[in-house]
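The chain contents come next:
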Amino acid sequence: MSGVIAAVTGRVAQRAKGLGAEEALEALRQELERAPRLGVLLGLPQHDGTEVRKTRIEPRADVPGLAVAYVYTPSPPPPTVAIVAVTPDDGIHSE
């Protein structure tokens, strides 16, 4: 255990429920407690180390692929992750 506390915002929990992705999002939340810097960094870290990141939940038989945005805040201790957005991901990436 890394000592990171990860949480899902209420709005994201409702959205995940509507998408049938509650279990997949909970699995990601647990994974972020072990490895809080998954996925891709969006922009530059803030002066205090706060990072906005995105990752993806792969599609499954009953759950669409999902793009997930979260904020990692290393200080003050304990480090935290807040999952702040989840949207269906069509798998198409623009450059």
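Residues numbered from 1 in each chain as written. Predicted model: local features only at pLDDT ≥ 70, side-chain atom pairs only at ≥ 80, totals over all residues. Heavy atoms only, no water.

**Describing helix α2 (residues 22–34)**
Here's step 1: Taking 1.5 Å of rise per residue, 13 residues should cover 18 Å, and α2 covers 19 Å from first to last C-alpha, within 8% of that figure.
Here's step 2: Listed in full, the buried residues belonging to α2 are Ala24, Leu25, Leu28, Arg29, Leu32 and Glu33. (Helix = DSSP H or I, 4+ residues; strand = E, 2+ residues; numbered from the N terminus. Expected span 1.5 Å × (residues − 1). Buried < 20%, exposed > 50% of the residue type's maximum accessible area, 1.4 Å probe, protein only.)

**Concerning unusual backbone geometry**
Trans peptide bonds make up most of the peptide bonds, and negative phi angles are found at most residues other than glycine.
Here's step 1: Here the residue pair serine 75 and proline 76 is connected by a cis peptide bond, since its omega of 0° sits within 30 degrees of zero.
Here's step 2: Mapped onto the elements of the fold, proline 76 is located in the loop between β4 (66–73) and β5 (80–88).
Here's step 3: Here the bond from proline 77 into proline 78 is cis, since omega is -5°, no more than 30 degrees from zero.
Here's step 4: If you trace the backbone, proline 78 turns up in the loop between β4 and β5.

**Regarding helix α1 (residues 10–19)**
Here's step 1: All buried positions along α1 are accounted for by Val12, Ala16 and Leu19. Mapping the buried residues of α1 onto a view down its axis gives an arc of 60°, with all of them on the same face. Turned more than 90 degrees from where α1 packs its buried face, Gly10, Arg11, Gln14, Lys17 and Gly18 sit exposed.
Here's step 2: On its buried side, α1 packs onto β1 (5–8), α2, β4 and β5. (Arc of directions from axis to C-beta. Contact = heavy atoms within 4.5 Å.)

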